[in-house]
Amino acid sequence: MNQCISRDGTPIAFDQQGQGPALILVLGAFNDRRAGAALAQRLSSRFQVFNYDRRGRGQSGDAAQRTADRHDSERELDDLEALIGAAGGSAAVCGYSSGASLALLAAARGARISRLVLYELPPGQSPAHAAELASLIAEDRRGDAVEYFQRRLVGIPEPVVARLRHAPFRPELEAMAHTLVYDASLVASDRITPALLSTIQTPSLALAGSESPPGMREAAEAAASALPNGRALILPGATHDLDPELLAPALESFL
């Protein structure tokens with residue numbers, strides 16, 4: 001495990017493996033870097049892969065929690081720029097789910113991203129979700145925050161949400177529940193706008209699974225249309241899961 005230090009002093013943990021051009025994986029909600037480990041391994045024969053814990057997850061810190069602006073998701077953009085620095089000052093980036101939103105915002109801010117892959121970019125969500133989640137976290141209702149995100153942002157049916165309360169990984173979800181505020185802010189419809197996308201000149205590939213909800217495919221196609229150097233690709237047989245055997249060939253071909 002390696003570390004880099006973000007602008008606010010937060011240590012960001014990452015694994016680094018392989019040789020070749022630098023590629024950073026940016027994962028989504030409820031994920032630490034374990035979720036990207038198999039994909040990183042699969043890609044390491046062609047790339048130097050940086051697979052990191054976003055702040056507040058896994059072995060990364062979260063200095064923002066100790067300040068009044070603890071829900072400022074802009075710090076996640078600083079974290080990604082710190083990873084780019086650790087990768088040599090420029091890197092390709094593959095963002096997954098809310099991590100794709102994060103990567104887009106970093107590119108729009110001027111991060112040195114050579115190529116950009118967006119896997120399962122979420123459709124825009126109501127900006128009110130972040131405030132509601134922040135309120136639940138402030139009241140220490142972490143379990144309620146997990147279920148709010150599952151129900152309102154992911155769209156998991158109520159019976160499934162109820163069953164997941166007893167899942168063995170539930171304590172891990174509650175431990176990172178405060179980071180859902182960051183995710184909700186990143187995917188807000190007033191952030192990833194066509195106007196913002198039109199400013200990003202980075203060559204970009206928007207991917208979605210053929211078996212994912214239609215909104216994911218629509219979001220990929222809309223993003224590709226708005227990005228000056230973007231195109232969309234629907235992966236046959238893929239779902240919202242990170243399947244290295246389906247995803248890696250598309251990344252290798254584009255990158």
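Now for a description of the structure that goes with this document. (Residues numbered from 1 in each chain as written. Predicted model: local features only at pLDDT ≥ 70, side-chain atom pairs only at ≥ 80, totals over all residues. Heavy atoms only, no water.)

## Quick notes on the nonpolar core
- Membership of the largest hydrophobic core comes to 39 residues, with the highest contact counts inside it found for Ile24, Tyr52 and Leu104.
- Broken down by element, the residue count for this core peaks at seven residues, all from helix H3 (residues 98-109).
- Leave out the neighbours within four places in its chain, and Leu104 touches Leu116, Leu118, Leu121, Ile192, Leu197, Ile200 and Leu227.
- Ranked by size, the runner-up nonpolar core spans 23 residues in total, among them Leu25, Ala92, Ala248 and Ala250. (Core = buried A, V, L, I, M, F, W, Y, C linked by side-chain atoms within 4.5 Å. Buried < 20%, exposed > 50% of the residue type's maximum accessible area, 1.4 Å probe, protein only. Helix = DSSP H or I, 4+ residues; strand = E, 2+ residues; numbered from the N terminus. Contact = heavy atoms within 4.5 Å.)

## Describing the packing of aromatic side chains
- A full pass over the atoms with the stated rule returns three aromatic pairs.
- With 5.7 Å between their ring centres and 40 degrees between their planes, Phe14 and Phe50 make a pair best called tilted. Here Phe50 lies in strand S4 (residues 48-52) and Phe14 lies in strand S2 (residues 11-17), a separation of 36 residues in the sequence. Each member of the pair, Phe14 as well as Phe50, is classed as buried.
- Relative to Tyr119, the ring of Tyr96 has its centre 5.9 Å away and its plane inclined at 25 degrees; by these criteria the two rings are stacked. Remark: Tyr119 occurs in strand S6 (residues 113-119) and Tyr96 occurs in strand S5 (residues 91-96); sequence separation between them is 23 residues. (Phe/Tyr/Trp six-rings, centres within 6.5 Å; stacked < 30°, edge-to-face > 60°.)

## Considering the packing of helix H4 (residues 128-138) against helix H8 (residues 179-186)
- Running from amino to carboxyl end, H4 crosses H8 at an angle of 170 degrees, the nearest separation of the two axes being 8 Å. Put simply, H4 runs roughly antiparallel to H8. Along its contact with H4, which presents His129, Ala130, Leu133, Ala134 and Ile137, the element H8 presents Leu180, Val181, Ala184 and Ser185.
- Of the residues in the contact of H4 with H8, the class split is seven nonpolar, two polar and no charged. (Axes fitted to C-alpha atoms, helices over the stretch in contact; angles between N-to-C directions. Parallel < 35°, antiparallel > 145°, perpendicular 65-115°, else oblique. Nonpolar A, V, L, I, M, F, W, Y, C, P; charged D, E, K, R; others polar.)

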